2 protein chains.
Amino acid sequence: MKQGPVIALSGGVGGAKLALGLSRLGLGDDLLIVTNVGDDFEHLGLNICPDLDSVTYALAGLNDQEKGWGRADEGWRFMAALGELGGDNWFNLGDRDLAMHVLRTEALARGESLTQVTRSITRQLGITAQVVPMTDDPVRTMVQTADGPLAFQHYFVRDRCEPVVTGFEFEGIAAARPQADFMTALSDPELLAIVITPSNPFVSVDPILALPGVRAAMAAAPAPVIAVSPIVAGLAIKGPAAKMMAELGMPSTALAVAQHYGGLLDGFVLDHGDQDQADAVAALGIRPLVTKTVMQSLEDRIKLAEFVLAAADELAP
Amino acid sequence: MKQGPVIALSGGVGGAKLALGLSRLGLGDDLLIVTNVGDDFEHLGLNICPDLDSVTYALAGLNDQEKGWGRADEGWRFMAALGELGGDNWFNLGDRDLAMHVLRTEALARGESLTQVTRSITRQLGITAQVVPMTDDPVRTMVQTADGPLAFQHYFVRDRCEPVVTGFEFEGIAAARPQADFMTALSDPELLAIVITPSNPFVSVDPILALPGVRAAMAAAPAPVIAVSPIVAGLAIKGPAAKMMAELGMPSTALAVAQHYGGLLDGFVLDHGDQDQADAVAALGIRPLVTKTVMQSLEDRIKLAEFVLAAADELAP
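Quick caveat: nothing in here was measured; it's all calculated off a predicted structure.

1. A short note on the overall build of chain A
Argument step 1. Assigned secondary structure in chain A consists of 13 helices and 14 strands.
Argument step 2. For a compact globule of 317 residues, the expected C-alpha radius of gyration is about 20 Å, and chain A comes in at 19 Å, within 12% of that figure.
Argument step 3. Each principal axis of the C-alpha atoms in chain A carries an extent, and together these give about 60 × 40 × 40 Å.
Argument step 4. Looking at chain A as a whole, 52% of its 317 residues are labelled buried.
Argument step 5. Across chain A, the fraction of contacts at a sequence separation of at least 24, relative to all contacts at a separation of at least 6, is 68%.

2. Considerations on the interface of chain B and chain A
Argument step 1. Every contact between the two is made by 23 residues of chain B and, on the other side, 23 residues of chain A.
Argument step 2. Listing elements by their share of the side of chain B that touches chain A, those giving two or more residues are helix 3 (77-84), helix 4 (95-109) and helix 5 (114-124) of chain B.
Argument step 3. Counting residues per element, the side of chain B that touches chain A draws most heavily on helix 4 of chain B, at 10 residues.
Argument step 4. Classifying every residue of the side of chain B that touches chain A by side-chain character gives 13 nonpolar, 6 polar and 4 charged.

3. Points about the relation of the copies chain B and chain A
Argument step 1. Mapping chain B onto chain A calls for a rotation angle of 180 degrees and an axial translation of 0.0 Å; the resulting RMSD is 0.0 Å. Such values leave the two copies arranged in the relation of a two-fold axis. For chain B, the minimum C-alpha distance to the rotation axis belongs to D95 of chain B and amounts to 2.9 Å.

4. Looking at the sheet that holds strand 1 (residues 6-10) of chain B
Residue and element names in this part refer to chain B.
Argument step 1. Here 7 strands make up an open sheet; going across it, the order is 5-2-1-9-10-13-14 and the pairing parallel. Each of the sheet's edge strands pairs with one partner strand only, and the pair in question is strand 5 (130-133) and strand 14 (287-291). Strand after strand, the sheet turns through a mean of 20 degrees between neighbouring axes, direction not considered.
Argument step 2. Sheet topology places strand 2 (residues 31-35) next to strand 5; 4 bridges connect them, and they run parallel.

5. Looking at the environment of T184 of chain A
Argument step 1. With respect to the helices, strands and loops of the structure, T184 of chain A is situated in helix 7 (residues 180-186).
Argument step 2. In sequence terms T184 of chain A and L85 of chain A are 99 residues apart; their C-alpha atoms lie 47 Å from each other.

6. Notes on the packing of helix 1 (residues 13-23) of chain A against helix 13 (residues 298-315) of chain A
Residues and elements named next belong to chain A.
Argument step 1. Running from N to C, helix 1 and helix 13 cross one another at 75 degrees; their axes reach a closest spacing of 7 Å. The angle between helix 1 and helix 13 places the two elements in the roughly perpendicular class. Here K17, L18, L20, G21 and L22 of helix 1 come into contact with helix 13, specifically with R301, I302, L304 and A305.
Argument step 2. Partitioning the contact of helix 1 with helix 13 into residue classes produces 6 nonpolar, 1 polar and 2 charged.

7. Let's talk about helix 2 (residues 50-60) of chain B
Argument step 1. Among the 11 residues of helix 2 of chain B, 10 are classified as buried, and the element is accordingly described as predominantly covered.
Argument step 2. With its phi angle positive at about 70 degrees, G61 of chain B sits one or two positions after the end of helix 2 of chain B.

8. Remarks on the pairing of strand 2 (residues 31-35) of chain A
Residue and element names in this part refer to chain A.
Argument step 1. In terms of burial, strand 2 is largely enclosed, as 5 of its 5 residues are buried.
Argument step 2. Alternating residues of strand 2 divide into L31, I33 and T35 and L32 and V34, and every residue in both groups is buried.
Argument step 3. Sheet analysis places strand 1 (residues 6-10) next to strand 2, joined by 5 bridges and oriented parallel. Bridge pairing in strand 2 places I7 opposite L32.

9. Describing the sheet that holds strand 1 of chain A
All names here are of chain A.
Argument step 1. Within the open sheet, the 7 strands sit side by side as 5-2-1-9-10-13-14. Their pairing is parallel. On the outer flanks of this sheet lie strand 5 (130-133) and strand 14 (287-291), each paired with one strand and no other. Pairs of neighbouring strands in the sheet enclose a mean axial angle of 20 degrees, with direction left out of account.
Argument step 2. In this structure, strand 13 (residues 267-271) lies alongside strand 14, joined through 5 bridges in parallel fashion. Of the residues in strand 14, the one forming a bridge with G267 is R287.

10. Details of the pairing of strand 10 (residues 225-228) of chain A
Residue and element names in this part refer to chain A.
Argument step 1. Along strand 10, one buried face is formed by V225 and A227 and the opposite face, lined by I226 and V228, is buried too.
Argument step 2. Direction of pairing for strand 9 (residues 193-196) relative to strand 10: parallel, over a ladder of 3 bridges. Residue pairing across strands places V195 opposite I226, the latter belonging to strand 10.
Argument step 3. In this sheet, strand 13 lies alongside strand 10 in parallel orientation, the contact comprising 3 bridges.

11. Let's talk about unusual backbone geometry
A negative phi angle characterises most non-glycine residues, just as the trans form characterises most peptide bonds.
All names here are of chain A.
Argument step 1. Residue D73 is not a glycine yet carries a positive backbone phi of 50 degrees.
Argument step 2. Of note, R160 is a non-glycine position whose phi angle comes to about 50 degrees, a positive value.
Argument step 3. For R160, a count of 9 C-beta atoms within 10 Å gives the class exposed.

Rules used throughout
- Residues numbered from 1 in each chain as written.
- Chains lettered and ligands numbered in written order.
- Predicted model: local features only at pLDDT ≥ 70, side-chain atom pairs only at ≥ 80, totals over all residues.
- Helix = DSSP H or I, 4+ residues; strand = E, 2+ residues; numbered from the N terminus.
- Rg over C-alpha atoms; globule rule 2.2 N^0.38 Å.
- Buried ≥ 20, exposed ≤ 12 C-beta atoms within 10 Å, placed from the backbone.
- Contact = placed C-beta atoms within 7 Å.
- Nonpolar A, V, L, I, M, F, W, Y, C, P; charged D, E, K, R; others polar.
- Least-squares fit on C-alpha atoms with pLDDT ≥ 70 in both.
- Pairing = 2+ DSSP bridges.
- Axes fitted to C-alpha atoms, helices over the stretch in contact; angles between N-to-C directions.
- Parallel < 35°, antiparallel > 145°, perpendicular 65-115°, else oblique.

Shown next, in the form of structure tokens:
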């Protein structure tokens, strides 16, 4: 395989699966996983970064594979005690997971950047890939709903994605500077691929793409941009992507995801089950790349990662 | 029994035992437990108040009676994860206990006083006694040792009380204002008793006594001041009191504790085992009050509390 940097844009769980696959291909620190921070929020005085943590836990092998989120062998004594004390307990914080939030909050309060804190923690956990936040500046996703705007975690966790979505706003995005290593990698002549992982297009990937200068840098980058569809057979593998698409008046299809990313893409990976949409993807000027996209085992993750990088090699100019 | 306020000055574990006994005598919110904050510290960005929490957990029935500190049915997943992430883990924070620190830290950051936070939490836990910090201002006990000064928790927990003590300093004490309800109660004409619980004289009780105006207000108070010896048969029931006394060149005896408090006391409770020191206590102008002071059962706590209040009644002017 060719040597050179690979950038993966990731949200939480779905993105973390492919990020784990990519991390097993021997790229070392040439793999740069750029993670959404629009889901981040302050809760109980703690800085919580769900997508960064999902990626970190997955790459360190600490994630709960059955539950699909959070840490394995997690405990809930903190939450039980919080309830007894009358604390705000709509957001579940596991006893192990808390260590991450407490350490990060302390480091940020000391003046470290989110990039620095994340680097310390991922190195401590033996992760060789570079995991970076999309920006060190605050960006907060607001979900516009029929009932008014909701902070992302209020929509996602507290209200269980029940409100009807009408749009999204990324507060702070205009002033946010894309993370420096991310921008450097985008203009690296050796760059092999820019992978948009199968995370939610609206709330996981779009915040990254909406950072000033990112779309232009991706368009100008020497490497192909390949997205993996988070929609398979009209369903989201996890989370509210399909529901959001329906509420936004789009068909819940892989094709609609390809259309959403549009001219940014060189290739689009869709599942065998959605092979009938390949021609329509090709008609958008995007190379359709059909394979098995549902990642159940570690082997599935690695195979999909290999498939994406092989496709990038083919699509390279 | 007479009606009126009772003040108890308390440190952590030993004080909390007698505070629990006092809280079972039907005093309701006439019982004001004034708690040392010299042991408080900031750790991992959290505001930790060990003495306030020992009293609160004891009164709420949430304390671990076997271990003698912390909460019952405590878990240690947070600490395990903190270690994995490379965090500072010399101070044990239980998973349940963390809820207290997180809630308090958030409330203080919001601008609530320690008095307000403590009131909310103790009420939420169904505690009818008033538990108040000795002050809402920062006071930090520094232990002077042969190796230099140590912040209290570094001396007490990290260094396991091993350094030889040469003295104590209460940083911030000159500017600290005694808690308002405490000062009001001291001048209440109905005040029944001021009880110095069997906590460490040097690091639990002295910080309270060192607050500007407190000694004078105690001397002027209409109620008798009665201390319970934390030393029985030359040993501290718990903690480093006896070791400190030896290092400070004092005999490790109940009598030496009475001498330490000196003219502040009207009565001094010592154990049957130390009855031979009663005459020497009387010679100090302090009424010796001999009873069983070792509190193993809840009944022991209640009986000792009853004994102290009965003695206060006898000693009342």
